[in-house]
Amino acid sequence: MPNNEKLSAFIDGELKDESLLASLVKDEKLADQFSRYQLIGDVMRDDVPAEMNFDIASNVMAALDDEPTVMAPQIKTASNKVTLKGNVVPLFKKVGQYAIAASVAASVVVGVQLNTAQQDNLTPAPVLDTVPFIGGAEPVSLQAEQKDPNTLTEEQVLEQRRKINAFLQDHQLQQRMLQQ
Amino acid sequence: MKATKQLIAIVALCALPFSSFAESEADTSASADPTSASLQTLANNVTPSPAQDEQSQAMEEAKLSNVEDESPVAFLQKMIDSFATLNYDLSYIQLYEGLVEPKRFSHGVVDGKQISYLSHLNGPPKEYVQRGEHISFFEPEIEPYTLKSGHFQGNFFQLVQQDISKLTVNYDFVLAGRGRIAGRPAQVVRMSPRDNDRYGYLLWLDRNTSLPLRVDTLDLEGELVEQMMTISLRTYKQATPWIQELTIVNLPPIVNVPKPSSEQLSPWQISWQPKGFELIAQDRHSLPVIDESVDYLMLSDGVAIISIYIEPAVGQPRDLMPVARKGATNLITAQIKGSMITVVGEIPAETALKIAKSVTYKRAQ
């Protein structure tokens, strides 16, 4: 259970308790209470459950006083838990290669190809024709010929999408980690 | 850059008269009750007590009368300060050319520390908690982690945390009329880029609190590329119970990000970049998921961030290279002299291509 005296220890990564937020997130009913509290619509309709208690912080503090201090970190026994070396936690596990790619891919519009040969004189690029790649939609090839080396096989297209998603994800990650 | 900004914000917080907390103590039960929280937006639906109503109306009028005297830069500075120091719940959507992502951002200051919570409301749950300098990331399929000096990514957060002094070089700031967003009167400020190599921004700021209500990212033709639009904004005198809860909740372990030593200079250099962009990071690392090694450079002009990835080219060079876009973020790949160069950033695709073509290998290494 959280305890103010251990807070700095948590921040320094010395203890590895289960994240309360994660369990809050997984506990739909609890997460729901907070969401509903914040939705204007529900409040307008006075649709707030009678037992909802806004004074949560003091309740938690009161509960803490009675709790024994838990010293042993709880170690997950899930088979895919990565062992920790010191404080370093790997940022990503390779979970189902296509799972993450697919979830990001749905939000990305992949353009059908900019002809770099036309750009040498730095004239403004033509308006990019974009074909939305949402879900399993196949790209429309602009090439009339089938055997053009510029067209990609289905496997290559999938590979390209995975790569694009990896770059987009890394771009986000790098922004998060900006050290100043 | 960011660290000093945050320091300034936190110092400003300490200077805030704590009496503002004291005076609300008599009102604690009322301020915990969301119906009394933001009188302006709730006025139509909830009947506040008459005394409160007069008081808030007088406050609003006093604030609004000063608006005409403000310069656009002063307005934006107020936005930056408000974003970091006020207690509020901001429900908004982000629009990327037909794709809508609703989000909720809650913010408060507890004991001088900024606490915030960002949640993606649709699709797989993604949540982020900021506690002072630390940010924790909760995303599906990924073990939750905390960064010691983390940042929220994206155009919107870059804008509300910007260092204005850096931006006046690259953008013109102009007052651009008024509007009404999420039921609130707004002042519009335009950030016009001084060249054609970056996007422009149109910001609607709440005339009462200066918080951002709407941000349009515009391309060179003035077309909308990405948009942040507030659906509801509620401000509070003190931090909400949810924010207070976040000050004590367990957060995931901290991930140490290795700092590249000064000797590890990149073997690559960029011979052309848009005016006002600086190199702010360089290293060699692995891409997530596919685990491929890349040389990496990051440029920024204070608002837009550009990532440049360099790796050896594989296979035959192709004339046609893929382009991807999500809202303001463009990704472009070009094969140049045996290297595959990918540029990702909140800049027009044409600019990204120019940068890709200007990447060269340093001779002396």
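Residues numbered from 1 in each chain as written. Chains lettered and ligands numbered in written order. Predicted model: local features only at pLDDT ≥ 70, side-chain atom pairs only at ≥ 80, totals over all residues. Heavy atoms only, no water.

Undergrad: Give a description of the packing of aromatic side chains that names residues and reports values.
TA: Residue and element names in this part refer to chain B. In this structure the tally under the stated criterion is 18 aromatic pairs over all chains. Pairing Y88 with F105 gives two aromatic rings, centres 6.2 Å apart and planes at 40°, and the pair type is tilted. Of the two residues, Y88 is situated in strand β1 (residues 87-96) and F105 in strand β2 (residues 99-110); the sequence distance between them amounts to 17 residues. Since its relative accessible area comes to 1%, Y88 is described here as buried. Judged by its relative accessible area of 2%, F105 is buried. Judged by centre distance (5.1 Å) and plane angle (50°), the rings of Y296 and Y309 are tilted. Highlighted residues: Y296 in strand β14 (residues 293-300) and Y309 in strand β15 (residues 305-312), separated in sequence by 13 residues. (Phe/Tyr/Trp six-rings, centres within 6.5 Å; stacked < 30°, edge-to-face > 60°. Helix = DSSP H or I, 4+ residues; strand = E, 2+ residues; numbered from the N terminus. Buried < 20%, exposed > 50% of the residue type's maximum accessible area, 1.4 Å probe, protein only.)

Undergrad: Just give me the short version of the sheet that holds strand β9 (residues 200-206) of chain B, but keep the residues and values in it.
TA: Residue and element names in this part refer to chain B. Pairing within the open sheet is antiparallel, and its eleven strands lie in the order β6-β5-β4-β3-β2-β1-β11-β10-β9-β8-β7. In this open sheet, the two edge strands, each paired with only one partner strand, are β6 (145-147) and β7 (171-181). The mean angle between the axes of side-by-side strands here comes to 15°, regardless of whether they run parallel or antiparallel. Direction of pairing for β7 relative to strand β8 (residues 184-193): antiparallel, over a ladder of nine bridges. The partner of V174 across the bridge, within β8, is R190. (Pairing = 2+ DSSP bridges. Axes fitted to C-alpha atoms, helices over the stretch in contact; angles between N-to-C directions.)

Undergrad: Any details on the pattern of salt bridges? Residues and values, ideally.
TA: Residue and element names in this part refer to chain B. Applying the stated criterion across every chain yields a total of 13 salt bridges over all chains. Between D172 and R194 there is a salt bridge; the shortest N-O distance is 2.7 Å. In this pair, D172 sits in strand β7 while R194 sits in the loop between β8 and β9, placing the two residues 22 residues apart along the sequence. When the shortest N-O distance is used, the salt bridge between D295 and R284 registers 2.8 Å. Of this pair, D295 sits in strand β14 while R284 is found in strand β13 (residues 278-286), placing the two residues eleven residues apart along the sequence. On the basis of relative accessible area, D295 is assigned to the buried category, the value being 11%. Given the relative accessible area of 53%, R284 is considered exposed. (Salt bridge = Lys/Arg side-chain N within 4 Å of Asp/Glu carboxyl O.)

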